[in-house]
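# Report on the structure
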Amino acid sequence: MKKLAAMAALVLIPLSVFAAPSTLVYGTTEKITDIDNASTWDFHTWEYFQNISAGLLTYKLGSSELEPALAEKYSVNKAGDEFTFTLRKGLKFSNGDVLDAAAVKWTIDRVIALKGDPVSLVTDYVDQVIVKDPLTVVFKLKGPTGYFPALIATPPYFPQDPKVFPVDKIIHDPTELPGGQFVGAGPYKLTSYKRDQEAVFSVNENYFGPKGKIDRIIIRYYADATTLRLALDKGEVDLAFKTLNPADIAAEMKNDKVKTFKLNGAFIRWVAFETSEGVFKDKSLRQVFAYLINRPELIQKVYLGQNKPLYSMIPEGMQFRYPTFKAMGDGNVKAAEALLTKAGYTKDKPFAFELWYTTSHYGDAEVNQAEVLKSQLEKTPLVKVTLKTAEWATYKQQWNKKQMPVFLMGWYPDYIDPDDFSAVFTSTEASKGNGIFFSSKAWDDLFEAERTSADPKARDAAFKKVQGLWTDDVPTIPLWQGDLYIFTKKNVTNVVTNASMLLLYDQLALSK
Amino acid sequence: VKHLFRYLGLRLTLTVPMLFVLLSLVFVVLRVLPGDPISAMLGNHAPESLIIQKKHEFGLDKPIWVQYGDYLVQLARFDLGTSMIQTEKVLTPIAEKLPATVELTFAGLIVALLIGVPLGAWAARHRRSGGDFLARLYGNIVYCIPVFWLGLLLQLLFGVALDWLPVAGRVGARVITSDFETTGFYLLDTLLKLDFDNFTDVIVHLILPAVTLGVTLSGIFFRLTRANMLDSLKSDYVLAGRARGLTEGSVVYGHALGNAFVPVLTMLGLQFAVLLGGAILTETTFSWPGMGRLLLERIYLRDYPTVQGIIVVFALFVSLISLIVDIVHALIDPRVKY
């Protein structure tokens, strides 16, 4: 019997040694910026960081609640401006280097010093980071911030290895690092990377949590949605995520050879007004716009029913949400005409303005969205819309120069808190950066109240008031909330994203 | 030979003013376009102080003529500058993407020649026949057809409907290029590693983009070859060859085609720039990670130094090919004097 077992082992051991690693190919049209958390602030690169690095806190699966990750616990002082995190024992980076409180502080100091794109996510809040002992790190804030734990769960706060990352320069490509590879503390490690072409991830054996189920994940980059869809249909990719065209999504949902995962997204689209001068300085004309648009019709005509109407800038699924725009109705021509008549507009002298959009940032469907909005606005003869387009670099310059009276925008959240769907657009300071130039003391006071409080009741009251004011002042109008569509081959299971809509590679699995 | 070297020296000298004019045009056009690289680089969240600091770092706060002078001085030191978006040397992404474009361009050129020249010779030989009519129709159609549209059609036919060929990329989705990549020319790299599986995979991936690019250009070579062949076939030496009892194939494809090919060779140098332009569109259709996609992306981002760098490299490349064609021309045609 023993002999038999030994013979079987002799046969089976080599087989297991030479067994091909399980591999999943993931196709996307997204792009990577810099593989450096001190520099990057975009959806897809943050997805990398979510999987190859780890934060002190992370989102619970299927929830927007936070739970310990690298930190096993944290506490906050009474004033709400000092957070103390206790790290897990024995944490290591993927190369075996120790991850301790000093690495956390070093990372934050580096992000501040390099002044990259996401620096304001740190410098707006953090005064200093103090290492108490190798497992304890204290964040002293500039003021009380109720949602600081949500910020801690964003990549700029993810600890990096001080022995690997240079303190004085931003890394664009992991080949610039010693050893030529990215070193992180996430469930996967980035083993090979070629910009706009491929990225290869393998399981990080030093990860503190459960190991990834797939040995190797390869990301393939496609130039456009059409080619990505063709690659999916041909079976060249096992998973396609971001971004197929609405018509392709509708076709793939009927495709028997692929599985569709429809996930709730916190991605929103909205209308921005330049409120300080020009035709939309008068808030009643902004209200006219809000009355005339018809969200369900827009979603059906342009996106074939693939997204959800949005009646508050704070999307569905988040706390402190009050969909106040619902009361204004959809395609409420009567209410709009009453306001227009009061403002002195007639059929012969209609309210004329330019509506701007860009296809170079929001995709090909944007032109259809603009056309449908124009037709909805012109349901009354008292309105005359001229559509204008510019590519993204010009678009941004024009909103800074107040050259677009009304324009279409989109938003992926940085941190999962209603603050990131409200104050970031319309507080006096933030609204300048978005081309809105809106300023109201009442609004700023409410934002200050919700930001500085950790009390849910107080925050709820502030957000309720501000969403009530939104339909009166109308600095922006919510249009729709995006659903996420991920298409996979039949054998791919456990396709999940976290609350920030970042795909979690360690959850993915392949069935036989 | 002495004259040839003098001619080459002159050609190389003329490249400098050509580059100067081209770069001056690109420099001005980029800055006239609305949109600025700093807004594109920094998000909506960037504070004003950071925008001012970045503009200063890249010298964008200086008058345009000072920026232009600085750029020329930099170029004179053979430095293409630093990208404003990725803050990396401009040469880095160019060196990374150029091999893909060169590989595709040469493959496209081979396809164009393999289709255009024999078809042109055959059509001239069978002038005014039904076959000649169909060949001329082909020449006109492919000359007019947009390269991205043809690419999409071929993708749908051979990639999806027949499932014979892959639709995108330089290698299969499961092939990891870092396993064999050394020069960036994948055909060469796989051969150097004696990796014949991946060599075949690279060839298979090259077929559709190269055919797309080659077919659209084959129309020009077809028309040129046919026209020159018609002239050659009327020549005395063709009559003499026939009188001496040479076979028709030997007369047409051995003697007449050889002479008719000389103008085609000249055109080849000129068409190289067109090929590079076509490669830009083909790269997008086939997700080919080359210079075309890089150029398009950096124009959108107003990354002035990288766009200028790509134009310099393209211009030098076209000049080099033209020069090589001139040398070959002189070597194969004894009538050519420099």
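Look a little higher up for the structure.
A few points on the structure. The numbers attached to residues start from 1 for each chain and follow its sequence in the written order. For this description, chains carry letters from A and ligands carry numbers from 1, given in the order in which they are written. Local features in this predicted model are restricted to residues of pLDDT 70 or higher, and side-chain atom pairs are both shown and tallied only at a pLDDT of 80 or more, whereas totals for entire chains, interfaces and linings draw on every residue. Only hydrogens and water are removed before side-chain values are computed, so all heavy atoms of the structure are retained for them.

## Comments concerning the pattern of salt bridges
All names here are of chain A. This is how the line gets drawn: A pair is scored as a salt bridge if a Lys or Arg side-chain nitrogen falls within 4 Å of a carboxyl oxygen belonging to Asp or Glu. Only DSSP runs of H or I reaching four residues or more are called helices, and only runs of E reaching two or more are called strands; each is numbered from the N terminus. For the exposure calls, accessible area comes from a 1.4 Å probe over protein chains only, and a residue counts as buried if that area is under 20% of its type's maximum, exposed if over 50%, partly exposed in between.
One pass over the full model with this rule turns up 45 salt bridges over all chains. R229 is the salt-bridge partner of D248, the closest N and O atoms lying 3.0 Å from each other. Of the two residues, D248 sits in helix α7 (residues 246-253) while R229 sits in helix α6 (residues 225-234), which places them 19 residues apart along the sequence. Owing to a relative accessible area of 24%, R229 belongs among the partly exposed residues under this scheme.

## Some remarks on the nonpolar core
The condition is simple: Among buried residues, those of type Ala, Val, Leu, Ile, Met, Phe, Trp, Tyr and Cys that are joined through side-chain atoms within 4.5 Å constitute a nonpolar core.
Grouped together as the largest cluster of nonpolar side chains are 151 residues, with contacts concentrated most on Y48(A), F139(A), F148(A) and F289(A). The element that contributes the greatest number of residues to this core is strand β12 (residues 258-273) of chain A, accounting for nine residues. If you look at the next biggest cluster of nonpolar residues, it comprises 61 residues, including I38(B), L275(B), L295(B) and Y304(B).

## Quick word on the sheet that holds strand β7 (residues 136-141) of chain A
Residue and element names in this part refer to chain A. Condition: Paired strands, as defined in this entry, are two strands with at least two bridges between them according to DSSP. Each axis is a line fitted through C-alpha atoms, taken for helices only over the stretch in contact, and angles between the N-to-C directions span 0 to 180 degrees.
An order of β4-β5-β7-β6 is seen for the four strands of this open sheet, with the pairing classed as antiparallel. Pairing within the sheet leaves two strands with one partner each, and these edge strands are β4 (71-76) and β6 (126-133). Taking the axes of each pair of neighbouring strands and ignoring which way they run, one obtains an average angle of 20° across the sheet. Of the strand pairs in this sheet, β6 and β7 are connected by six bridges, and their pairing is antiparallel. Note that in β7 the partner of V131 across the bridge is V137.

## A closer look at the pairing of strand β5 (residues 82-87) of chain A
Residue and element names in this part refer to chain A. Most of β5 is tucked away: five of the six residues are buried. Inspection of the sheet shows β4 paired to β5 by five bridges, in the antiparallel sense. Counted as the bridge partner of V76 is F83 from β5. Where β4 folds back on β5, the antiparallel hairpin that results is connected by five residues, among which G80 adopts a positive phi of roughly 80°. Bridging between β5 and β7 involves five bridges; their strand directions are antiparallel. Paired with E82 across the strands is K140, a residue of β7.

## Looking at helix α1 (residues 2-32) of chain B
All names here are of chain B. Rules: Expected helix span is given by 1.5 Å per residue-to-residue step, counting one fewer step than there are residues. We call two residues in contact when some of their heavy atoms are within 4.5 Å.
Here α1 spans 46 Å end to end across 31 residues, near enough to the 45 Å set by a 1.5 Å rise per residue. Of all the residues in α1, the buried ones are L4, L8, T15, L19, L23, S24, V26, F27, L30 and R31. Where the residues of α1 are buried, they touch α4 (64-76) and α13 (304-332).

## Quick look at the interface of chain A and chain B
Cut-off, in case you're wondering: Accessible-area loss on putting two parts together, using a 1.4 Å probe and summing over both, is the definition of buried area adopted here. Definition of a polar contact: a pair of N or O atoms within 3.5 Å, with one able to donate and the other able to accept a hydrogen when the atoms are protein atoms, and with sequence-neighbouring residues admitted only if both atoms are side-chain atoms. Each residue gets one of three labels, nonpolar for Ala, Val, Leu, Ile, Met, Phe, Trp, Tyr, Cys and Pro, charged for Asp, Glu, Lys and Arg, and polar for the others, Gly among them.
Contact residues are listed per partner, giving 46 residues for chain A and 46 residues for chain B. Roughly 3,800 Å² of surface becomes buried between chain A and chain B when both sides are summed, with 48% attributable to carbon and sulfur atoms. There are six salt bridges connecting chain A and chain B. Note that E297(B) and K31(A) form a salt bridge whose closest N and O atoms lie 3.1 Å from each other. Summed over the shared surface of chain A and chain B, the number is 19 residue pairs in polar contact (both at pLDDT 80 or more). Secondary-structure elements contributing two or more residues to the side of chain A that touches chain B are β1 (23-28), β8 (188-194), β9 (198-203), β10 (216-221), α6, α13 (392-400) and β16 (406-411) of chain A. The class makeup of the residues in the side of chain A that touches chain B is 13 nonpolar, 14 polar and 19 charged.

## Describing the packing of aromatic side chains
The description of an aromatic ring pair rests on the distance of the ring centres and on the angle between the ring planes. Short version of the rule: Any pair of Phe, Tyr and Trp rings, taking the six-membered ring for Trp, is counted once the centres come within 6.5 Å. Such a pair is stacked with planes under 30 degrees apart, edge-to-face with planes over 60 apart, and tilted for the rest. Counting as a charge over the ring demands two things of the Lys NZ or Arg CZ atom: a distance within 6 Å of the ring centre and an angle within 35 degrees of the ring normal.
For the coordinates displayed, the defined rule picks out 50 aromatic pairs over all chains. Pairing Y48(A) with F201(A) gives two aromatic rings, centres 5.2 Å apart and planes at 85°, and the pair type is edge-to-face. Taken together, the residues span a long stretch of sequence, with Y48(A) in helix α2 (residues 43-52) and F201(A) in strand β9 at a distance of 153 residues. Accessibility expressed as a relative area gives 0% for Y48(A), which makes it buried. When the ring of F180(B) is compared with that of Y186(B), the centres are 5.3 Å apart and the planes differ by 85°; the resulting orientation is edge-to-face. Assigned by exposure class, F180(B) and Y186(B) land together as buried. Taken together, the ring pairs in this structure connect Y26(A), Y48(A), Y188(A), Y193(A), F201(A), F241(A) and Y505(A) into an aromatic cluster. Taking the ring centre of F43(A) as reference, the NZ or CZ of K242(A) above it sits at 4.6 Å. Sitting above the plane of the Y186(B) ring, R170(B) keeps its charged end 3.7 Å from the centroid.

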